[in-house]
There are 2 protein chains.
Amino acid sequence: MARKTAGATGPGATIYSVADRAGVSIATVSRVLQGGTVVAERTREKVLAAVEELGYVPLGAARSLAVRHHEAHGLVLPELSGPYYSELLMGFEARAAELGQSVVLVLTNGRRDLVGDVRRLATRVDAIAVLGSAAIPGEVVRTLAEKKPVVVIAGQPGDGVEAVAAENVDSARELVGHVLGHGRRRVLFVGDPASGPDINNRHAGYRQAHHDHGLAPAEPVRISLREDDGFAFARRLLAGEYHADALVCANDELALSIMTALQDAGRDVPGDTAVVGWDDVMTARYVRPGLTTVRQPVQELGALAADRLHDLVGGDRPPTDTRVLPTRLVLRASCGCTP
Amino acid sequence: MARKTAGATGPGATIYSVADRAGVSIATVSRVLQGGTVVAERTREKVLAAVEELGYVPLGAARSLAVRHHEAHGLVLPELSGPYYSELLMGFEARAAELGQSVVLVLTNGRRDLVGDVRRLATRVDAIAVLGSAAIPGEVVRTLAEKKPVVVIAGQPGDGVEAVAAENVDSARELVGHVLGHGRRRVLFVGDPASGPDINNRHAGYRQAHHDHGLAPAEPVRISLREDDGFAFARRLLAGEYHADALVCANDELALSIMTALQDAGRDVPGDTAVVGWDDVMTARYVRPGLTTVRQPVQELGALAADRLHDLVGGDRPPTDTRVLPTRLVLRASCGCTP
DNA sequence: CTGTTAGCGCATTCAG
DNA sequence: CTGAATGCGCTAACAG
């Protein structure tokens, strides 16, 4: 049946109208646009001209249906506050783009129908990366992984699904060892290890460092990882509810809020109390004393996740063990060092 | 022609295999999945069971092709460092999700083939939001707007394309007026007004405030808006290259880097030099003195952009004038106030 | 080098 | 309430 191929301009132009206008077949149009096969220079020009004149924009969905690939990766994050997620996303997006993949993003935080949203996502991408800690219940991830390639970022290793992560245990051990090396003997771990595998590993390193020094680790202060919780804890500390000469905070937001609160109350940091954190956020460089922390290669982590997805979709490279990226201690003054 | 509808499980399951398994037609499957039409409870259950057993995930591309909608919005940002873009993205994503739209993200910063990337994006979304300042050459935006609905965020108003923005001129006028009210008489605008419409408007407000007070504004210090540039400027200021008792910085990153550099060199802020910025980033609360700045409703801006795209796609609401969101002065101590 | 043709998987009339 | 048939726009053989 002869298609209606009315000279639709702008939106509405299809490969048929372009072919018509250029006086060629749709196959030829497809060829010059995909750039794979050889096309006579003469006809190529005609096609390109027609494309230009009609303002033709190919319909991605039609291509996807034909090639049976979305050419898109999904990324599921809890939110975007703080530099961690943003950097992860930047790294992911950059690598995905290099690989010719679009990225469609889902932020789960105050989401009504999380499961539904993720299912809809699965509908339009070839593979999905999920931030392990908070984004999604592990059960959902597992059923998802039965249908699409999935990689978990900084999550529980060994669920049977691919995973990438930054190193935490050793760097925690090193960091806490460093603090103990300053002569501190009452160092508290601030932040709930149950917040996620990352935090749990940091706490594990904290314990190891104590054992290394023949010391008994104190119970962790089980609070969540936001500024407000830091302020609340600082009040309790100032009230004498805790005793410590050093605070190892699960992340920088906690460390910064606590440090500031202590200082505003007249405490000397690190004189009275040393404070260290995790992530090396921008603020860590600006406060005085500078915050000693651990720098993670967050962008690389994102890029790595994108890589794995791509491999998984391509069917290359069989599932590998969890890839762990190294981290680096950043010594400033809040731990007791004099730079 | 009878389709091969082999009981494909997991990936590979189609609406046909589900229909087969449930002993119904694909139309019925489609109906229960879309939930629009009425279906007998009995058959609905059969279908759902089949879906479950086969692990069926509908192919978004096929649906998009059939309904002639991608049900996705594009968002083009330069990058994601700092809180501004992240918050914008959060606001955009949240609203888009509410409207049932996926969001596909493109970060343009070190991008090789920007134009190509944006064209590919246009291929798979119904509409696109672009951050005006830095993401894309205005010319590209205009040709894009001929093919897809486009809204420019914080960009040049009146290109004939939809736009949303935060208020800048008045808040700048108020901020600078406030600084002048502290008795400062040599206040410099730091940051290149040509960086983008936002900055240009802030500079305009700066000038107005001077005129309000019968003062002559100084030439702006034309540097770009990153930390490094702030440090470099601070060095030149300390070297006596500039004279000022107040610095109105185009954004917080600039303000913070400059303030810190001055303090490290022994200058008193705000005693010797007041410093104010724009954006109210997290660090602004932590430095001492706290940074006086202007808070923009960035998330709302993102949400607004998503709304407009949706309206544009729906064909509702004719193109409106640029929507401008109000901003708010945040007074802390760096301007000379005593909180 | 180019045209013809057959699906890709789904939504949607139109009958029944 | 349900099924059969058609087309969405594009790619990829397969011929010429």
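Worth saying up front: this structure is predicted, and the values here are computed from it rather than measured.

Draft legend 1. Spotlight on the interface of chain A and chain B. Between chain A and chain B, the contact holds 50 residues from the first and 51 residues from the second. Of the roughly 4400 Å² buried between chain A and chain B on both sides combined, carbon and sulfur atoms contribute 58%. Taken as a group, Arg124(A), Lys147(A) and Tyr286(A) account for 15% of the area that chain A buries against chain B, more than any other trio of residues on that side. When the shortest N-O distance is used, the salt bridge between Arg285(A) and Glu227(B) registers 2.7 Å. Between chain A and chain B we count 24 residue pairs in polar contact (both at pLDDT 80 or more) in total. Secondary structure elements with two or more residues in the side of chain A that touches chain B: helix 4 (60-67), helix 5 (83-98), strand 2 (102-107), helix 6 (114-122), helix 10 (227-238), helix 11 (252-264) and helix 12 (283-286) of chain A. When its residues are assigned to classes, the side of chain A that touches chain B shows 24 nonpolar, 13 polar and 13 charged. Pairing of strand 2 of chain A with strand 2 (residues 102-107) of chain B involves 3 bridges; the strand directions are antiparallel. The residue of strand 2 of chain B that forms the bridge with Val104(A) is Val104(B).

Draft legend 2. Structural context of the packing of helix 5 (residues 83-98) of chain B against helix 13 (residues 298-314) of chain B. Residues and elements named next belong to chain B. In contact at an axis separation of 7 Å, helix 5 and helix 13 are set at 40° when each is read in the N-to-C sense. With respect to helix 13, the element helix 5 is oriented oblique. Crossing hand, helix 5 versus helix 13: right-handed. Contact residues: Tyr-84, Glu-87, Leu-88, Met-90, Gly-91, Phe-92, Arg-95 and Ala-96 in helix 5; Val-298, Gln-299, Leu-301, Gly-302, Ala-303, Ala-305, Ala-306, Asp-307 and Leu-309 in helix 13.

Draft legend 3. A look at the domain arrangement of chain A. Residue and element names in this part refer to chain A. On domain assignment, one finds that chain A holds domain 1 (10-54), domain 2 (70-166 + 299-325) and domain 3 (169-295). Taking only C-alpha atoms into account, the centre of domain 2 sits 30 Å from that of domain 3. Contact with domain 2, which involves 7 residues of that partner, is made by 6 residues of domain 3. With both chains or domains summed, domain 2 and domain 3 bury close to 550 Å², and 52% of this area falls on carbon and sulfur atoms. One can count 1 salt bridge joining domain 2 with domain 3. There are 0 residue pairs in polar contact (both at pLDDT 80 or more) connecting domain 2 and domain 3.

Draft legend 4. Spatial organisation of the UniProt feature "domain: HTH lacI-type" (unreviewed entry) in chain A. According to UniProt, the positions carrying the feature "domain: HTH lacI-type" (unreviewed entry) are residues 13-67 of chain A. Helix makes up 71% of residues 13-67 of chain A and strand 0%, with an end-to-end C-alpha separation of 21 Å.

Draft legend 5. Quick peek at the pairing of strand 4 (residues 150-153) of chain A. Residue and element names in this part refer to chain A. Every second residue of strand 4 is oriented toward a common face, with Val-150 and Val-152 on one face and Val-151 and Ile-153 on the other, all of them buried. Relative to strand 4, strand 3 (residues 127-131) is paired through 4 bridges, and the arrangement is parallel. Counted as the bridge partner of Val-130 is Val-152 from strand 4. With 3 bridges joining them, strand 4 and strand 5 (residues 162-166) adopt parallel strand pairing. Within the sheet, the bridge partner assigned to Val-152 lies in strand 5 and is Ala-163.

Draft legend 6. Highlighting the protein's contact with DNA strand D. The environment of DNA strand D is formed by 30 residues, the closest being Ile15(A), Ser30(A), Gln34(A), Tyr56(A) and Thr28(B). Among the atoms of DNA strand D close to the protein, meaning within 4 Å, 66% are from sugar or phosphate groups. Here Ser25(B) contributes a backbone N or O atom positioned 3.0 Å from a phosphate oxygen of DNA strand D. Elements supplying a minimum of two residues to the surface near DNA strand D: helix 1 (15-22), helix 2 (26-34) and helix 4 of chain A together with helix 2 (26-34) and helix 4 (60-67) of chain B.

Draft legend 7. Seen up close, the protein's contact with DNA strand C. Near DNA strand C there are 30 residues, and of these Thr28(A), Arg31(A), Ile15(B), Gln34(B) and Tyr56(B) occur at the shortest range. Among the atoms of DNA strand C close to the protein, meaning within 4 Å, 62% are from sugar or phosphate groups. Measuring from a base nitrogen of DNA strand C, one finds a side-chain N or O atom of Tyr16(B) at 3.0 Å. Interatomic distance of 2.5 Å between a side-chain N/O atom of Gln34(B) and a phosphate oxygen of DNA strand C.

Draft legend 8. Structural detail: the sheet that holds strand 8 (residues 274-276) of chain B. All names here are of chain B. The strand order across the open sheet built from 3 strands is 6-7-8, with neighbouring strands paired in parallel fashion. The strands lining the two open edges of the sheet, one partner per strand, are strand 6 (187-190) and strand 8. Pairs of neighbouring strands in the sheet enclose a mean axial angle of 15°, with direction left out of account.

Draft legend 9. View of the sheet that holds strand 7 (residues 246-249) of chain A. Residues and elements named next belong to chain A. Within the open sheet, the 3 strands sit side by side as 6-7-8. Their pairing is parallel. Lying at the two open borders of the sheet, with one neighbouring strand each, are strand 6 (187-190) and strand 8 (274-276). The sheet shows a mean angle of 15° between the axes of neighbouring strands, direction not considered. Where strand 7 meets strand 8, 3 bridges bridge the pair, whose relative direction is parallel. Each residue of the ladder has a partner; that of Leu-247, found in strand 8, is Val-275.

Draft legend 10. Geometry of the relation of the copies chain A and chain B. Superposition record for chain A on chain B: RMSD 0.1 Å, screw rotation 180°, translation along axis 0.1 Å. The operation mapping one copy onto its partner corresponds to a two-fold rotation axis.

Draft legend 11. Here's a closer look at helix 2 of chain A. All names here are of chain A. Within helix 2, the full set of buried residues consists of Thr-28, Val-29 and Val-32. Projected onto a plane normal to the axis of helix 2, the buried residues spread over an arc of 100° and lie on a single side. Buried residues along helix 2 sit against helix 1 and helix 3 (41-54). Gly-35 sits one or two positions beyond helix 2 and adopts a positive phi of about 70°.

Draft legend 12. Spatial organisation of unusual backbone geometry. Residues and elements named next belong to chain B. Here the amide bond leading from Val-269 into Pro-270 is cis, since omega sits at 5°, within 30 degrees of zero. Structurally, Pro-270 is set in the loop between helix 11 (252-264) and strand 8. Going from Arg-288 to Pro-289, the amide bond is cis rather than trans, its omega being -5°.

Draft legend 13. Focus on the environment of Asp192(A). Residue and element names in this part refer to chain A. Mapped onto the elements, Asp-192 comes out in the loop between strand 6 and helix 9 (197-212). Distance from Asp-192 to Leu-77, taken between C-alpha atoms, is 20 Å for residues 115 residues apart in sequence. Excluding residues within four positions of it along the chain, Asp-192 makes contact with Ile-199, Val-221, Arg-222, Ile-223 and Leu-225.

Draft legend 14. Region of interest: the environment of Gly138(B). Residue and element names in this part refer to chain B. Positionally, Gly-138 belongs in helix 7 (residues 138-145). Judged by relative accessible area, which is 33%, Gly-138 ranks as partly exposed. Each C-alpha atom, one on Gly-138 and one on Ala-50, is 51 Å from the other, the two residues being 88 residues apart in sequence.

Draft legend 15. Broad picture of the pattern of salt bridges. Following the criterion strictly, the structure yields 34 salt bridges over all chains and no others. Linking Glu241(A) and Arg236(A) is a salt bridge whose minimum nitrogen-to-oxygen distance equals 3.2 Å. In this structure, Arg308(B) engages Glu162(B) in a salt bridge whose closest nitrogen and oxygen atoms are separated by 2.8 Å. Of this pair, Arg308(B) sits in helix 13 while Glu162(B) sits in strand 5 (residues 162-166), and the two are 146 residues apart along the sequence. Under the relative-accessibility criterion, Glu162(B) is labelled buried at 7%. What emerges from the salt-bridge pattern is a single network uniting Glu93(A), Arg111(B) and Asp117(B).

Scoring rules and cut-offs
Residues numbered from 1 in each chain as written. Chains lettered and ligands numbered in written order. Predicted model: local features only at pLDDT ≥ 70, side-chain atom pairs only at ≥ 80, totals over all residues. Heavy atoms only, no water. Contact = heavy atoms within 4.5 Å. Buried area = accessible area lost by both parts, 1.4 Å probe. Salt bridge = Lys/Arg side-chain N within 4 Å of Asp/Glu carboxyl O. Polar contact = N/O pair within 3.5 Å; in protein donor to acceptor, adjacent residues only side chain to side chain. Helix = DSSP H or I, 4+ residues; strand = E, 2+ residues; numbered from the N terminus. Nonpolar A, V, L, I, M, F, W, Y, C, P; charged D, E, K, R; others polar. Pairing = 2+ DSSP bridges. Axes fitted to C-alpha atoms, helices over the stretch in contact; angles between N-to-C directions. Parallel < 35°, antiparallel > 145°, perpendicular 65-115°, else oblique. Left-handed = near helix turned anticlockwise from the far one by under 90°. Domains from an automatic or database assignment. UniProt positions renumbered as here; feature names shortened; annotations may be inferred. Buried < 20%, exposed > 50% of the residue type's maximum accessible area, 1.4 Å probe, protein only. Near = heavy atom within 4 Å. Least-squares fit on C-alpha atoms with pLDDT ≥ 70 in both. Arc of directions from axis to C-beta.

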